[in-house]
Amino acid sequence: MHDYDPTGAEHHHSQIHSHVPGEPALRVKALESLLVEKGLLDSAAVDAWVEAYRDQIGPKIGAWVVARAWMDAEFKARLLADGTLAIRELGIEDGFQVGHLKVVENTADTHNLVVCTLCSCYPMAILGIQPVWYKKDAYRARAVREPRAVLREFGVDLPDGVAVRVWDSTAELRYLVMPQRPPGTEAWDEARLTSIITRNSMIGTERDLHTTAAGG
Amino acid sequence: MDGIHDMGGRHGYGPVKVTTAEPPFPEEWQGRMFGIVRAIKRPPSWNIDKFRYTREQIPPIEYVTRTYFDQWYMSYAAMLLGSGVVTLQELATGRSAAAGPDLGQPMTAPEVAKARTVAARFDRPYDRAPAFSVGARVRARADAPVTHTRLPGYARGRPGTVIAHHGAHVLPDASAIGREVASPLYAVAFRIGDLFAEQKDSPDMVNLDLWEAHLEPASG
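What you see is a predicted model, and the numbers here were worked out from it, not measured in a lab.

Next up on the list: the state of the cysteines. Throughout the structure, instances matching the rule amount to 0 disulfides over all chains. In this structure Cys121(A) is a free cysteine whose sulfur lies 3.5 Å from that of Cys119(A), the closest cysteine sulfur available.

Okay, here's the thing in structure tokens:
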């Protein structure tokens, strides 16, 4: 083993392309067996990570964070000041991709939209695995160039008085959009508020939350 | 590097395939690949920037046609090969022909709960004053290294305004080639019309997190 230098990695990619089976399921299986044989991997740990991100971690956690901020102005101020510290305060211990969490707030005249044009950076510990469209070319190419057209494809037609702030995740900061609390929800409890906060609203591809989603 | 990965502002990719919810791992192998990456015992010379730089060098046609976790496969396979940990033959067969490096015990299932709490930090001590203050007018550098950078092509040479200073963070451009350098990190707001001429009348802004090494002073 020697220090890894990625310069010239395209050579390794082309070797892999030529010599390793093209079917992803087969080659991932081969990779797992190989790493286990090499003593670099324990399959039971792989199982545990899969279960965590399949069954426990997902947008419901982000929704809960937003609901708490809606209900508690002091928590909201701390969340906007330092998202990483504030979510720990709620007992959210998962830290994957939220070491530098930045929460940005939608207002009557501002709409925030998050993208990662260079890869697919995403606050996984509180939103789970990225949507497929978030990782794909069309969204990454267009969100910074024509955000309003992209938003229309998501069913969001922004009025003229609302300005868009696009956040391109070019560093290790991870962005979470805090959508606006819908009118008429003043008396709602935390669980009911959490139930209407969607994944897309926390990325910024949805704006007005539907109060009927909570089932009345 | 000016690769296929630098997608911001590019034309021709068509409409977004909108979804509101989906399973995290539609196919089982995608979950396995995610879990392998989280659980693997890493050679000490690896870092997130070397991973990104490796992923950026996937041949363009494969970059746009392979799914996300298949790109993780390509990148980790290339990093293992490039570190001398595995051979092509071993990747192809899934059978080990020689002992692996002694890196200590890999993560066990009971250790995953603790590993999940790790929130990796990239801020670093820095003993000089940052060159720009909030409100400063800056211009993103027009040039970029032929190796990895987090300054996207669409912002190069464009004027913007510093809206926040995040302290000094690890500079990915250096880290990707094996040098850890701390550089002040700023949020910089660009008028969308300064990035894309057809948007000249738009009130919209595009905010990027850029390091001091990516910026120079601008007037006006």
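Below, the discussion takes up the sheet that holds strand E1 (residues 137-140) of chain B. Strand pairing in a sheet takes place through backbone hydrogen bonds and is either antiparallel or parallel in direction. Across the sheet, which stays open at both edges, the 7 strands sit in the order E2(A)-E3(A)-E4(B)-E3(B)-E2(B)-E1(B)-E5(B) with mixed pairing between neighbours. Looking at the sheet topology across the chains shown, the edges are occupied by strand E2 (110-115) of chain A together with strand E5 (215-217) of chain B. Neighbour to neighbour, the strand axes of the sheet diverge by 35° on average, direction disregarded. Note that strand E3 (residues 182-191) of chain B and strand E4 (residues 205-211) of chain B share 7 bridges and pair antiparallel. What sits directly across from Arg191(B), in E4(B), is Met205(B).

It is worth spelling out the interface of chain A and chain B at this point. Taken together, the contact between chain A and chain B spans 100 residues of the former and 114 residues of the latter. Between chain A and chain B, a total of about 9400 Å² is buried, with carbon and sulfur atoms accounting for 61% of that surface. It is Tyr4(A), Trp49(A) and Arg145(A) in chain A that bury the most area against chain B; as a group they hold 10% of the surface buried on that side. If you look at where chain A meets chain B, you find 10 salt bridges. Residue Arg52(B) pairs with Glu172(A) through a salt bridge whose shortest N-O separation is 2.9 Å. Between the two partners, chain A and chain B, sit 53 residue pairs in polar contact (both at pLDDT 80 or more). With 12 residues, helix H3 (residues 43-56) of chain A is the largest single contributor of residues to the side of chain A that touches chain B.

Bringing the confidence of the model for chain B into the picture now. Across chain B, the average pLDDT comes to 97, with 100% of residues at 70 or higher. Model confidence for the complex: the whole-complex pTM is 0.97, and ipTM, which rates the interface, is 0.97.

Looking at where Thr117(A) falls in the secondary structure, it is placed in the loop between E2 and helix H7 (124-127). When its relative accessible area of 0% is taken as the criterion, Thr117(A) is described as buried. Among the polar contacts listed, one links the side chain of Thr117(A) to the side chain of Asp168(A), at a separation of 2.7 Å. The contact partners of Thr117(A), leaving out residues within four places of it in the chain, are Arg140(A), Val144(A), Asp168(A), His5(B), Met7(B), Gly8(B), Pro152(B) and Tyr154(B).

The next point concerns the packing of aromatic side chains. If you walk through the whole model with that rule in mind, you get 23 aromatic pairs over all chains. Here Trp46(B) and Tyr76(B) contribute two aromatic rings whose centre-to-centre distance is 5.7 Å and whose plane-to-plane angle is 70°, an arrangement assigned as edge-to-face. One end of the pair, Trp46(B), is in the loop between helix H1 (28-39) and helix H2 (48-56); the other, Tyr76(B), is in helix H4 (residues 68-82), and 30 residues separate them in sequence. The two residues Trp46(B) and Tyr76(B) agree in class, both being buried. Both rings, one in Phe51(B) and one in Tyr76(B), keep their centres 5.3 Å apart while their planes meet at 40°; by these two values the pair is tilted. On the criterion of sequence distance, the pair formed by Phe51(B) in helix H2 and Tyr76(B) in helix H4 is long-range, its members being 25 residues apart. Considered together, Phe51(B) and Tyr76(B) belong to a single accessibility category, that of buried residues. Grouping aromatic residues by their ring pairs yields a cluster made of Trp49(A), Tyr53(A), Phe96(A), Phe25(B), Phe34(B), Trp46(B), Phe51(B), Tyr68(B), Phe69(B), Trp72(B) and Tyr76(B). Its guanidinium or amino end placed over the ring of Trp188(A), Arg192(A) lies 3.9 Å from that ring's centre, counting from NZ or CZ.

Let us look at the nonpolar core. Residues Ile16(A), Tyr53(A), Tyr139(A), Phe34(B) and Leu91(B) are the most contacted members of the largest nonpolar core, which totals 132 residues. The leading source of residues in this core is H4(B), at 11 residues. Ignoring sequence-local partners within four residues, the contact set of Leu91(B) consists of Ile16(A), Val20(A), Ala30(A), Leu31(A), Leu34(A), Tyr73(B), Ala77(B), Leu81(B) and Val86(B).

A word on the pairing of E3(B). All names here are of chain B. Counting buried residues in E3 gives 8 out of 10 residues, a clear majority hidden from the surface. Pairing of strand E2 (residues 159-170) with E3, which is carried by 7 bridges, proceeds in the antiparallel orientation. Across the sheet, the residue bridging to Ala168 is Pro184, located in E3.

The next point concerns the pairing of strand E3 (residues 163-168) of chain A. With respect to burial, E3(A) is a largely interior element, 5 of its 6 residues being buried. Sheet topology places E3(A) next to E4(B); 4 bridges connect them, and they run parallel. Across the sheet, residue Asp168(A) finds its bridge partner in E4(B), namely Leu208(B).

All names here are of chain A. With respect to the helices and strands, the residue Thr194 is situated in helix H11 (residues 190-196). On the basis of relative accessibility, which here comes to 10%, the residue Thr194 falls in the buried class. Among all residues touching Thr194, those that are not within four sequence positions of it are Lys60, Ala63, Trp64 and Ala67.

Moving on: the environment of Gly22(A). Locating Gly22(A) in the fold gives a position in the loop between helix H1 (9-19) and helix H2 (24-37). Not counting residues up to four positions away in its chain, the partners in contact with Gly22(A) are Arg27(A) and Arg66(B).

Criteria and thresholds
- Residues numbered from 1 in each chain as written.
- Chains lettered and ligands numbered in written order.
- Predicted model: local features only at pLDDT ≥ 70, side-chain atom pairs only at ≥ 80, totals over all residues.
- Heavy atoms only, no water.
- Disulfide = S-S within 2.5 Å.
- Pairing = 2+ DSSP bridges.
- Helix = DSSP H or I, 4+ residues; strand = E, 2+ residues; numbered from the N terminus.
- Axes fitted to C-alpha atoms, helices over the stretch in contact; angles between N-to-C directions.
- Contact = heavy atoms within 4.5 Å.
- Buried area = accessible area lost by both parts, 1.4 Å probe.
- Salt bridge = Lys/Arg side-chain N within 4 Å of Asp/Glu carboxyl O.
- Polar contact = N/O pair within 3.5 Å; in protein donor to acceptor, adjacent residues only side chain to side chain.
- pLDDT = per-residue confidence, 0-100.
- Buried < 20%, exposed > 50% of the residue type's maximum accessible area, 1.4 Å probe, protein only.
- Phe/Tyr/Trp six-rings, centres within 6.5 Å; stacked < 30°, edge-to-face > 60°.
- Lys NZ or Arg CZ within 6 Å of the ring centre and 35° of its normal.
- Core = buried A, V, L, I, M, F, W, Y, C linked by side-chain atoms within 4.5 Å.

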